[in-house]
Amino acid sequence: MTDSVNWVMSKSSHVKDNVKSDKGCKTACFVNVNSVNLTVDHPELKVSLNNADRCFADGSGLRLAAKTLGINIKDNVNGTDMLPHLCEAAQAQGISIYLLGAKPGVAIATAKNLRKHYPTLRIAGAEHGYFDRSQDNNVVERINQTNTGVLLLAMGSPVQEKWLQDNASKLTCNTALAVGGLFDFYSGQISRAPMWMRELGLEWIWRLMQEPKSKFKRYVIGNPLFLIRTFVFNCASRGF
């Protein structure tokens, strides 16, 4: 987590295909089981994720899949756990953040709650994500006019990843993060799982209990599908 936050806050040039560039902002995504499943029906999401400067492994499912490939992931890095660290670092360094996404009113509520916990945190702006894509340039211009350092984009996958891919080159902020449902948690719309469940990688059960209808496909069907696809992919890659 420390390495991830340091990377987000760093002012170094972003790197793509081992080539440094000063054009546009760095981009990062949080990849979980659902992200991988979505790439099956949305191949453009796979492109967007691979084009990001960083992909943080979010959840025990990614850790398990990586382990079958002989890769040990250092830590579970999700946006909800990262935000407090990010706010502390931004507050200490005097760097502002911009909140873009979620339903009307949610980003503003998130900003208000963050200011309660981080009184000197500079929040450059907060606006919802329900705008037409024809307004992208106007939104980018509003963000750039604030000279914000970090953009948090909460539009859900695969929309947010595609938006970053299309607009990163025009953004003047240092880093832009695709954060999914982050604002729903910090606005108070949805409560987080108890710490013991989070530490055991069982937060998905808590989410399923809260939203059984909307999360049934994602978790009850999606988790086994991910395991099957991981097994088939790994067997195929090894020639079994």
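A short tour of the structure in this document, coming up. (Residues numbered from 1 in each chain as written. Predicted model: local features only at pLDDT ≥ 70, side-chain atom pairs only at ≥ 80, totals over all residues. Heavy atoms only, no water.)

1. Topic: the overall build of the protein
Okay, step 1: In terms of helices and strands, the protein carries 12 helices and eight strands.
Okay, step 2: Against the compact-globule benchmark of 18 Å for 240 residues, the protein has a radius of gyration of 18 Å, which places it among compact chains.
Okay, step 3: The dimensions of the protein, computed from C-alpha atoms along their principal axes, are 55 × 40 × 35 Å.
Okay, step 4: By residue count, 45% of the 240 residues in the protein fall in the buried class.
Okay, step 5: Put simply, of all contacts in the protein between residues at least 6 apart along the chain, 72% involve residues at least 24 apart.
Okay, step 6: Here the protein has roughly 12,900 Å² of accessible surface; of this, 56% comes from carbon and sulfur atoms.
Okay, step 7: If you average the places of the 28 positive and of the 20 negative side-chain charges in the protein, the two averages end up 2 Å apart. (Helix = DSSP H or I, 4+ residues; strand = E, 2+ residues; numbered from the N terminus. Rg over C-alpha atoms; globule rule 2.2 N^0.38 Å. Buried < 20%, exposed > 50% of the residue type's maximum accessible area, 1.4 Å probe, protein only. Contact = heavy atoms within 4.5 Å. Areas by Shrake-Rupley, 256 points an atom, 1.4 Å probe, with all protein chains shown as cover. Lys, Arg positive; Asp, Glu negative; His and termini not counted. Charge placed at Lys NZ, Arg CZ, Asp CG, Glu CD.)

2. Considering the pairing of strand 7 (residues 150–154)
Okay, step 1: Burial within strand 7 is extensive, with five of its five residues counted as buried.
Okay, step 2: Neither face of strand 7 is left uncovered, since the one carrying Val150, Leu152 and Ala154 and the one carrying Leu151 and Leu153 both have all their residues buried.
Okay, step 3: Where strand 5 (residues 97–101) lies against strand 7, five bridges are found, and the strand directions are parallel. What sits directly across from Ile97, in strand 7, is Val150.
Okay, step 4: As paired elements, strand 7 and strand 8 (residues 175–178) share four bridges and run parallel to each other. Directly across from Leu151, in strand 8, lies its bridge partner Ala176. (Pairing = 2+ DSSP bridges.)

3. Here's the deal with a nonpolar patch on the surface
Okay, step 1: There is a patch of nonpolar side chains on the surface, built from Phe216, Val220, Ile221, Leu225, Ile228, Phe231 and Val232 and spanning about 620 Å² of accessible area.
Okay, step 2: Residue placement: Val220 occurs in helix 12 (residues 212–237). (Patch = residues over 30% accessible without salt bridge, like charges linked within 9 Å, V, L, I, M, F, W, Y side chains within 5 Å. Salt bridge = Lys/Arg side-chain N within 4 Å of Asp/Glu carboxyl O.)

4. Things to note about the packing of helix 1 (residues 2–9) against helix 5 (residues 79–93)
Okay, step 1: Relative orientation of the contacting elements helix 1 and helix 5 amounts to 45°, with a least axis distance of 10 Å. As summarised for this structure, helix 1 and helix 5 are arranged oblique, according to the angle between their axes. Two packed elements cross with a definite hand, and for helix 1 against helix 5 that hand is right-handed. When helix 1 is examined against helix 5, the residues Ser4, Val5, Val8 and Met9 are found in contact with a partner set consisting of Met82, His85, Leu86, Ala89, Ala90 and Gln93.
Okay, step 2: Of the residues contributing to the contact of helix 1 with helix 5, the split by class is seven nonpolar, three polar and no charged. (Axes fitted to C-alpha atoms, helices over the stretch in contact; angles between N-to-C directions. Parallel < 35°, antiparallel > 145°, perpendicular 65-115°, else oblique. Left-handed = near helix turned anticlockwise from the far one by under 90°. Nonpolar A, V, L, I, M, F, W, Y, C, P; charged D, E, K, R; others polar.)

5. Let's talk about the packing of aromatic side chains
Okay, step 1: Tallied over the entire structure, the rule returns two aromatic pairs.
Okay, step 2: Note on Trp7 and Phe56: the rings are 6.2 Å apart at their centroids and 75° apart in plane angle, and the pair reads as edge-to-face. With Trp7 in helix 1 and Phe56 in strand 4 (residues 54–57), the pair connects residues that are 49 residues apart, well separated along the chain. Neither Trp7 nor Phe56 differs from the other in exposure class; each is buried.
Okay, step 3: Taken together, the aromatic side chains of Trp7, Phe30 and Phe56 make up a single cluster linked through ring pairs.
Okay, step 4: Just above the ring of Trp7 sits the side chain of Lys26; from NZ or CZ to the centre is 4.4 Å. (Phe/Tyr/Trp six-rings, centres within 6.5 Å; stacked < 30°, edge-to-face > 60°. Lys NZ or Arg CZ within 6 Å of the ring centre and 35° of its normal.)

6. Here's the deal with the nonpolar core
Okay, step 1: Formed by 33 residues in total, the largest nonpolar core has its most connected members in Met82, Leu152 and Phe183.
Okay, step 2: Elements with a minimum of two residues in this core: helix 1, strand 3 (26–31), helix 5, strand 5, helix 6 (106–117), strand 7 and helix 9 (182–186).
Okay, step 3: When residues in this core are grouped by element, the largest group, six residues, is from helix 5.
Okay, step 4: Among the nonpolar cores identified, the runner-up in size contains 27 residues, and Leu38, Ala65, Leu151 and Ala176 belong to it. (Core = buried A, V, L, I, M, F, W, Y, C linked by side-chain atoms within 4.5 Å.)

7. A few points about the sheet that holds strand 8
Okay, step 1: Judged by pairing direction, the sheet is parallel, and its six strands sit side by side in the order 4-3-8-7-5-6 without closing on themselves. Across the chains shown, the open sheet's two edge strands, defined by having one partner strand only, are strand 4 and strand 6 (123–127). When strand polarity is set aside, the average angle formed by the axes of neighbouring strands in this sheet is 15°.
Okay, step 2: Taken together, the four bridges between strand 5 and strand 6 define a ladder with parallel strand orientation. Paired with Leu100 across the two strands is Glu127, which belongs to strand 6.
Okay, step 3: Running over the sheet, helix 6 touches strand 5 and strand 6 and is turned about 150° from strand 6.

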